[in-house]
Amino acid sequence: MTPLSLESGAHCFNLETEEFHLPNVFFSYSHADEALRDQLEKQLAMLKRQGVIDTWHDRRIGAGQEIDQAINERINTDEIILLLVSPDFIASDYCYDIEMARAMERHHANEAIVIPVILRACDWHHAPFGKLLGTPRDGKPVTLWPDRDEAFLEVAKAVREAAGRLQGSKPTTAKAPARAMPVPTADLAVEATPRSSNLRLAKTFTQRDKDQFQLDTFEYIARYFENSLAELATRNPGYEGVFRRVDANRFFATIYKDGKDVARATVFMGGVSRNGISYMQGQTTDSNGFNESLSVDADDQTLYLTSMGMSSLGQGRNQKLSQEGAAELLWGMVIAPLQQRGG
């Protein structure tokens, strides 16, 4: 028989065991996105310190524990389920067909709150969870935000709000035992061996690593601009976007409206530092001036980019930018003036 529990606040008090516990947050994710999951869990640290939530993911499974059974147990009982959505998540049969499907069943039965967290750009609106309000704000993928910390803060706020909704819910009857997902065996899960999930060690990056990251980022930005220029023309009649690759280290971007050039930009390797990528309004082969410059930097875990903050009056100088965030920052400098004056 399932023990009856009373929910008061965001906590549960079990009448049979007198056990006081926090609502749990379950991470459903592809292992390709593990680094992003780690960043999100750090952003949820304040909620854990305040006793608002606890978190669980499959890296907490201990040696000797049946993996499928452990996941099955948690996804059938945890109160908040985060779907960390990406192309890899959608392509994963386990994430999509088992974890997501069960999560949505519980969501529709009001047994859990499912929150889609859009990590990377993908065709998620047509998924079963596509009608749910995604986070970060407006469903903009985390990796497209210039500052990932800001994006994950949006997710943390959504989790806090969901915990608040749990606080206001008071079930009148005990829940029926949750239907189990298909698992290879019916064996009961072995209790997990307690251990920390904080096992990541500091990394070091050589100059060769930084040089390659600079080159890869420049190529990414070039593709980003070329595709954005093409899509701009498709969505806005009368506009034409032209991408011109000058050489391996420089490209031009031009936007025309009814045949008149309304925006021109140059992006090139170099600038304020050897590992820099710079932006200049207009078209130029000169590398001495720029309106914005990005530099490759690193912490103890990853390579990233920082901007001089010239496009934001110095406000964005401390932001750690991904390749997508850097590309969006520079693209924003091209498109913002047209948006402000309506082209």
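What comes next is a walk through the structure.

1. Thoughts on the overall build of the protein chain
Right, on to step 1. Regarding its fold elements, the protein chain presents 8 helices and 13 strands.
Right, on to step 2. A total of 343 residues make up the protein chain; the buried ones form 44% of that total.
Right, on to step 3. Pairs at least 24 apart in sequence give 57% of the contacts found in the protein chain among residues at least 6 apart.
Right, on to step 4. Element-wise, carbon and sulfur atoms account for 50% of the exposed surface of the protein chain, whose accessible area totals about 18100 Å².

2. Re the pattern of salt bridges
Right, on to step 1. Applying the stated criterion to the full structure yields 14 salt bridges.
Right, on to step 2. Measuring nitrogen to oxygen at the nearest pair gives 3.0 Å for the salt bridge that ties Lys 320 to Asp 299. Of this pair, Lys 320 sits in the loop between β13 (303-307) and α8 (323-341) while Asp 299 is found in the loop between β12 (292-298) and β13, placing the two residues 21 residues apart along the sequence.
Right, on to step 3. The partly exposed category is assigned to Asp 299, whose relative accessible area is 24%.
Right, on to step 4. Beyond isolated ion pairs, a larger network of salt bridges with shared partners links Asp 33, Asp 88 and Arg 120.

3. Comments concerning the environment of Ala 162
Right, on to step 1. Mapped onto the secondary structure, Ala 162 falls in helix α6 (residues 148-168).
Right, on to step 2. Under the relative-accessibility criterion, Ala 162 is labelled buried at 0%.
Right, on to step 3. Placed 49 residues apart in sequence, Ala 162 and Ile 113 show a C-alpha to C-alpha distance of 7.1 Å.
Right, on to step 4. Residues within four places of Ala 162 in sequence aside, it is in contact with Ile 80, Ile 113 and Ile 115.

4. Thoughts on the packing of helix α3 (residues 67-75) against helix α5 (residues 93-108)
In a packed pair of helices, the relevant descriptors are the angle between the two axes and the axis-to-axis distance.
Right, on to step 1. At a closest axis distance of 10 Å, the pairing of α3 and α5 adopts a crossing angle of 25°. Between α3 and α5, the interaxial angle falls into the category roughly parallel. The handedness of the crossing between α3 and α5 comes out as right-handed. Here Asp 68, Ile 71 and Ile 75 of α3 come into contact with α5, specifically with Tyr 94, Glu 99, Arg 102, Ala 103 and Arg 106.

5. Considerations on helix α7 (residues 207-235)
Think of an α-helix as turning once every 3.6 residues; residues three or four places apart then point the same way.
Right, on to step 1. The terminal C-alpha atoms of α7 lie 41 Å apart, and with 29 residues this matches the ideal 42 Å at 1.5 Å per residue to within 8%.
Right, on to step 2. Along α7, the residues that are buried comprise Phe 213, Gln 214, Thr 217, Phe 218, Tyr 220, Ile 221, Ala 222, Tyr 224, Phe 225, Ser 228, Leu 229 and Leu 232.

6. Overview of unusual backbone geometry
Right, on to step 1. The omega torsion of the bond from Thr 135 to Pro 136 falls at 5°, within 30 degrees of zero and hence cis.
Right, on to step 2. Considering the arrangement of structural elements, one finds Pro 136 in the loop between β7 (113-118) and α6.
Right, on to step 3. The backbone phi angle of Asn 110 is positive, close to 60°, even though this residue is not glycine.
Right, on to step 4. In this structure, Asn 110 sits in the loop between α5 and β7.
Right, on to step 5. A relative accessible area of 67% places Asn 110 in the exposed class.
Right, on to step 6. Positive phi, close to 65°, is recorded for Asp 138, a residue that is not glycine.
Right, on to step 7. Mapping Asp 138 onto the fold places it in the loop between β7 and α6.

7. Points about the pairing of strand β6 (residues 80-85)
Right, on to step 1. In terms of burial, β6 is largely enclosed, as 6 of its 6 residues are buried.
Right, on to step 2. Residues of β6 alternate between two faces, with Ile 80, Leu 82 and Leu 84 on one and Ile 81, Leu 83 and Val 85 on the opposite face, all of them buried.
Right, on to step 3. Where strand β4 (residues 24-28) and β6 come together, 4 bridges link them in parallel fashion. For Val 25, the partnering residue across the bridge sits in β6 and is Ile 80.
Right, on to step 4. With 6 bridges connecting them, β6 and β7 associate as parallel partners. Bridge pairing in β7 links Val 85 to Ile 118.

8. Some remarks on the nonpolar core
Right, on to step 1. Ile 221, Phe 225, Ile 255, Val 267 and Leu 294 are the most contacted members of the largest nonpolar core, which has 35 residues in total.
Right, on to step 2. Sorting the residues of this core by element identifies α7, β9 (250-257), β10 (260-269), β11 (276-281), β12, β13 and α8 as the ones contributing at least two each.
Right, on to step 3. Residues in contact with Ile 221, not counting those within four places in the same chain, are Phe 251, Val 267, Ile 277, Leu 294, Ala 327 and Leu 330.

9. Re the sheet that holds β7
Strand pairing in a sheet relies on backbone hydrogen bonds, with the paired strands running either antiparallel or parallel.
Right, on to step 1. A sheet is described by the order of its strands in space; here 4 strands give the open sequence β5-β4-β6-β7, paired in parallel fashion. The strands lining the two open edges of the sheet, one partner per strand, are β5 (54-56) and β7. Within the sheet, the average angular offset between the axes of one strand and its neighbour, ignoring direction, is 25°.
Right, on to step 2. This element, α3, spans β4, β5 and β6 of the sheet and lies at about 130° to β4.

Conventions used here
- Residues numbered from 1 in each chain as written.
- Predicted model: local features only at pLDDT ≥ 70, side-chain atom pairs only at ≥ 80, totals over all residues.
- Heavy atoms only, no water.
- Helix = DSSP H or I, 4+ residues; strand = E, 2+ residues; numbered from the N terminus.
- Buried < 20%, exposed > 50% of the residue type's maximum accessible area, 1.4 Å probe, protein only.
- Contact = heavy atoms within 4.5 Å.
- Areas by Shrake-Rupley, 256 points an atom, 1.4 Å probe, with all protein chains shown as cover.
- Salt bridge = Lys/Arg side-chain N within 4 Å of Asp/Glu carboxyl O.
- Axes fitted to C-alpha atoms, helices over the stretch in contact; angles between N-to-C directions.
- Parallel < 35°, antiparallel > 145°, perpendicular 65-115°, else oblique.
- Left-handed = near helix turned anticlockwise from the far one by under 90°.
- Expected span 1.5 Å × (residues − 1).
- Pairing = 2+ DSSP bridges.
- Core = buried A, V, L, I, M, F, W, Y, C linked by side-chain atoms within 4.5 Å.

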